[in-house]
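# Topology and contacts: notes
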Amino acid sequence: MMFRHAYLSKQYIISMKCFILTGFLFMALPVMSQPGKTNISATVVDKISHQAIEFVTVVLLNQKDSTTVKAAITDKKGKFIITDILPGNYIMQYSYIGYSNSYAQHISVTGQQQNINLGMVDMSSDTKKLNEVVITSTKTTLNTAIDRKVYNVDQDIMSKSGAASDILKNIPSVEVDIDGQVSLRGSSNVMILINGKLSPLMGKTRAEVLQSLPANSIERIEVITNPSARYRPDGTSGIINIVLKKNTKLGWNGSVTANAGNNDRYSGNVSLNYNPGKINLFGSYSLRKDSRNRTNKIDRVYFDSTGKPASYYNEYNVSKLRPVSNVANLGMDYSLNDHNSFGISGNYYYRKLIKHDIVNKFTNSDQQILIENYDRLRYDPEYERQINGTVFFEHKFKKDDHEIRVEFNNSKSDELEDNHYWDVYKTPVRPTAYDNTRIKQADNENQLTIDYTLPINENSKLEAGYDGSFNKKNMDFYGEYYDTTQAKFIKDLTKSNQFLYKENIQAIYITYEKSYKKFGYAAGLRAEQVNINGNLVTLDSLIKNNYFKIYPTLHLSYKLSDAKELQLNYSRRINRPEADDLNPFPEYRDPRNLRAGNPGLKPEIINSVEFGYKWQNKNYSFVPSIYYRYKTNGFTQVIKPINDSTLLTTSENLANDQSAGLELIFSAKAGKFFSGNMSGNVFYSQIDASNLGYSQSKSIVSFSTNINTSFTVIKNSMIQLSGNYRSARLTPQGKDYPRFIANIGMRQDLMKKKLAITLTVSDLFASAKEKRDFNTLYLNQTSIGRRDARIFYLGVSYRFGQTKKAKKDDKLEFDNGG
């Protein structure tokens, strides 16, 4: 389907208005430094891996008396700039938790230089030897910038025993419901990447995957709310990137973790790496066995044409499943010389489980007289598997930061649901009915990226590149019913279908970044050509959607001082329907409650603006942000009656919706005793569903809060408390009720921090539940879902390693590094 010219024009007018407004708002800021003063800049990197280090505290000291003159914090590229330095002699100090302090001596400022670039500054891991045992400090759990957050998973006690979804709950403005669905700043349409790449795992079943992916296999989680043109524009609220562990330390080292929980839960992880210098070999394996019990209650009232109750329907569902997940990672990086390197790596994910469902169904007349009562039982052995391979080549030119990187990624996945149902009738009594549904899905995704970075001078650089993704999906549904007369299962043509989906997205992008004293900007443009072909094999029908779109981005910054910064950002984004959203064939898991896609579903178009402020010193940071999103063709789920007893849940496009919010993030630490962060997100949401038959727009003010704190009670003993609350949310046909959850974890370090024992309790107050209302002219419905409460885990982890010394009498060293 092609978009009409008038529609495209309207979208680009909105985009350009936001883009121009963002620029003019910031141009009013003063950008001139005083004459005779000098700016000092540098790039801070890890001495071994040569990777940039973000959030390093840089302090300029007077060489004469070591008093502090000014300070700064490095950005995501490891860069910093300290402006308006008076003539004199100085010392530069670099500090970051987990690294030894580094100094640059004898910096002489004469007043004649406008800029002094110190080049690359190396920082080494902080290793204090005690009887040949190496003790390394831990990293900060949360590092916060205005438009992005980095959460170091290994510092979270819950990561030793929990899943990825448990860790996501502790990140500001990220929410996870009891079914594992993730949202960012109130929007569930967020793009989730693994190691910076698309993955079939993050499609339809990503909630189940995130609840199964062991957290101890994750190194960090990055959240970017307004990405530049270098990143794919997918996702309403931004990007969540899950980075799996990949150790790069010299020598050989590793770790082993094992956990046991209540209800026969357990998990474990082992990771190893060997790095003698030019080559780094790394690998890891994680195993997780879980137990998930769910209950769900539905109360429904049907109305006749006069608005009076026509019948009542009640449903009680008990679901039990025991997923077992396996995650393996193996790879190699090799440095050919100082300018060229390449690497190859692979990831393997396999999850299997058996679902047992019992659903009690009751239908009563308008006089509350029982009409029908039966139990629908389900037995479903299923699995999901993915193999992923990545190869890259990187060339660094002679000039710092001048580089090109080519990377190719291939992901193949397959999954199977083998559903066996039987209906046991009680009122009226009749023979038990049997039916089966088998759902097979295969995915093949290829992605090629070419990224080129050209520093023009000390204050500006150009980035350009190509990003191509080529995806194929095969969705095969096979249904059958038991024919009592023939005493065998017969294919059910109404429940059998095949849907083939092919999506090719090719993009080129360019960004230009420049700083002028206290002012900086980065402008970008991304052009994408999309070709989508869907083949409804069963109906011999084709779905086509080819379109070309441009996505501008603009990021402006102004340093009020070395510890204070303002940012104003704009991006145009898109949220594309997936293959499941377009497939019109229903899933018959429950004959009374069907689900199907909508082949006419259009992609969402989002214009996002964000204004933020950051203040940070050694012990505190405060980051308030104001954001606004205007969306056309927004996705929403609607429920439609097919007949008197059957409902269909599908997706529709809204005319438009908009939201604005205030996000506050506060982080603090008090020596070695306390560290924590607290965040709040208040937002206003308005939806216009007039195209769906609702005459009035609906609006609501919602908020969410998140707190995560750690206390060192005594030496080597830590307690972590975390909790999050979400207020009521609006839907086109009802609302979601508030929810709250709290967790606690304890860790005791032994053997000079080589060994750690942990105890975690999730859902401390057994408060995890979800309640939803659904109200239309033809029915009212309330549903309440609950999960297992108070999950306990007891775990132990051990770190080990060996580093070669320069002396002949080499000795073992144990690395407890974070």
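Everything that follows concerns the structure shown earlier in this document.
Residues numbered from 1 in each chain as written. Predicted model: local features only at pLDDT ≥ 70, side-chain atom pairs only at ≥ 80, totals over all residues. Heavy atoms only, no water.

## What about the overall build of the protein chain?
Under the convention used in this document: Helix and strand definitions follow DSSP, with helices as H or I runs of at least four residues and strands as E runs of at least two, each counted in order from the N terminus. Buried, partly exposed and exposed residues are distinguished by accessible area as a fraction of the type maximum, computed with a 1.4 Å probe on protein chains only: under 20%, between the cut-offs, and over 50%, respectively. Two residues form a contact once any of their heavy atoms are found within 4.5 Å. In this description, accessible areas are obtained by the Shrake-Rupley approach with a 1.4 Å probe, and a residue is regarded as covered only by the protein chains that are shown.
Broken down by element type, the protein chain carries four helices and 49 strands. The buried share of the protein chain, taken over its 818 residues, is 53%. The contacts in the protein chain between residues at least 6 apart in sequence include a share of 66% that link residues at least 24 apart. Per element, the accessible surface of the protein chain, about 36000 Å² overall, is 58% carbon and sulfur.

## Focus on empty space enclosed by the protein
Keep this limit in mind: Buriedness of a pocket was judged along seven lines, with at least five required to meet protein on both sides within 12 Å; pockets are open sets of points on a 1 Å grid over the protein atoms alone, cavities are sets where a 1.4 Å probe fits but cannot get out, and lining residues have an atom within 4 Å of a point. Grid points are joined across faces, edges and corners, and a volume is the space filled by probe spheres set on the points. Classification used: nonpolar for Ala, Val, Leu, Ile, Met, Phe, Trp, Tyr, Cys and Pro, charged for Asp, Glu, Lys and Arg, polar for all others including Gly.
Following the criterion strictly, the structure yields nine cavities of 30 Å³ or more and no others. Along its surface, the second largest cavity is lined by 24 residues, and D166, R288, D290, R787 and I791 are the ones closest to its centre. Among the secondary structure elements, those contributing two or more residues to the lining of the second largest cavity are α2 (164-168), β20 (292-303), β45 (755-762) and β48 (791-802). Looking at the lining of the second largest cavity residue by residue, the class counts come to six nonpolar, eight polar and ten charged.

## Quick look at the environment of D400
Within the fold, D400 resides in the loop between β24 (370-396) and β25 (403-427). You can call D400 partly exposed: its relative accessible area is 45%. Separated by 58 residues in sequence, D400 and E458 have C-alpha atoms that sit 9.9 Å apart. In contact with D400, other than residues within four places in its own chain, are M120 and P455.

## Let's talk about the sheet that holds strand β36 (residues 635-641)
Using the following cut-off: When DSSP finds two or more bridges between two strands, those strands count as paired. Fitted lines through C-alpha atoms give the axes, limited to the stretch in contact for helices. The angle between two N-to-C directions lies from 0 to 180 degrees.
Taken together, the three strands give an open sheet; going across it, the order is β33-β37-β36, and neighbouring strands pair in mixed fashion. The open sheet has two free edges, formed respectively by β33 (593-595) and β36, since each of these has just one partner strand. Each neighbouring strand pair of the sheet contributes to a mean axis angle of 35 degrees, computed without reference to strand direction. Bridge count between β36 and strand β37 (residues 647-653): seven bridges; the pairing is antiparallel. Each bridged residue has a counterpart across the sheet, and for T636 the counterpart in β37 is E652.

## Some words on the packing of aromatic side chains
Our working definition: Any two rings among Phe, Tyr and Trp, with Trp reduced to its six-membered ring, count as a pair given centres within 6.5 Å; such a pair is stacked if its planes are under 30 degrees apart, edge-to-face if over 60, and tilted if neither. A ring is considered to have a charge above it if a Lys NZ or an Arg CZ atom is located within 6 Å of its centre and within 35 degrees of its normal.
Per the stated rule, a full pass over the model turns up 17 aromatic pairs. Arranged with centres 5.8 Å apart and planes meeting at 55 degrees, the rings of Y334 and F342 form a pair that is tilted. Classification of Y334 by relative accessible area gives partly exposed; the value is 28%. Under the relative-accessibility criterion, F342 is labelled partly exposed at 29%. Look at F674 and F711: their rings are 5.2 Å apart centre to centre, the planes differ by 50 degrees, and that puts the pair in the tilted class. Linking F674 in strand β39 (residues 674-688) with F711 in strand β40 (residues 698-714), this pair joins segments that are 37 residues apart in sequence. In textbook terms, an aromatic cluster arises when at least three aromatic residues are bridged by ring pairs, as seen for W252, Y798 and F800. Stacked on the ring of Y425, the Lys or Arg R430 has its end atom at 3.8 Å from the ring centre. Over the ring of Y737 we find K735, and its NZ or CZ is 4.6 Å from the ring centre.

## Re the sheet that holds strand β15 (residues 218-224)
Spatial strand order, β10-β11-β15-β16-β14: five strands in an open sheet with mixed pairing. Among the strands making up the open sheet, the edge pair consists of β10 (142-144) and β14 (191-194). For this sheet the average axis-to-axis angle between neighbouring strands, irrespective of direction, equals 15 degrees. The pairing of β10 with strand β11 (residues 148-152) spans three bridges and is classified as antiparallel. Each bridged residue has a counterpart across the sheet, and for T144 the counterpart in β11 is K149.

## As for the pattern of salt bridges
Just so we agree on the cut-off: The working definition used for a salt bridge is a side-chain nitrogen of Lys or Arg within 4 Å of a carboxyl oxygen of Asp or Glu.
According to the stated counting rule, one finds 49 salt bridges in the structure shown. In this structure, K495 and D435 form a salt bridge, with 3.9 Å as the shortest nitrogen-oxygen distance. Residue K495 is located in the loop between β28 (488-491) and β29 (497-516), and its partner D435 is located in strand β26 (residues 433-457); the two are separated by 60 residues in the primary sequence. D435 shares its class with K495; the two are buried. Each of E175, R726, D736, R739, E770 and R772 takes part in one network of salt bridges that share partners.

## Here we look at the pairing of strand β44 (residues 739-750)
Inspection of the sheet shows strand β41 (residues 717-726) paired to β44 by ten bridges, in the antiparallel sense. Counted as the bridge partner of S722 is N743 from β44. The sheet contact formed by β44 and β45 spans seven bridges and is antiparallel. Note on β45: the bridge partner recorded for D749 is A756.

## With respect to the nonpolar core
Defined as follows: What is meant by a nonpolar core is a set of buried Ala, Val, Leu, Ile, Met, Phe, Trp, Tyr and Cys residues, joined one to another through side-chain atoms within 4.5 Å.
L168, V182, I221 and I240 are the most contacted members of the largest nonpolar core, which has 29 residues in total. Those elements giving two or more residues to this core turn out to be α2, β12 (174-176), β13 (182-184), β14, α3 (206-212), β15 and β16 (239-244). Setting aside residues no more than four positions away along its own chain, L168 makes contact with V174, V176, V182, L210, I221 and I240. Among the nonpolar cores identified, the runner-up in size contains 23 residues, and I40, I85, Y94 and V109 belong to it.

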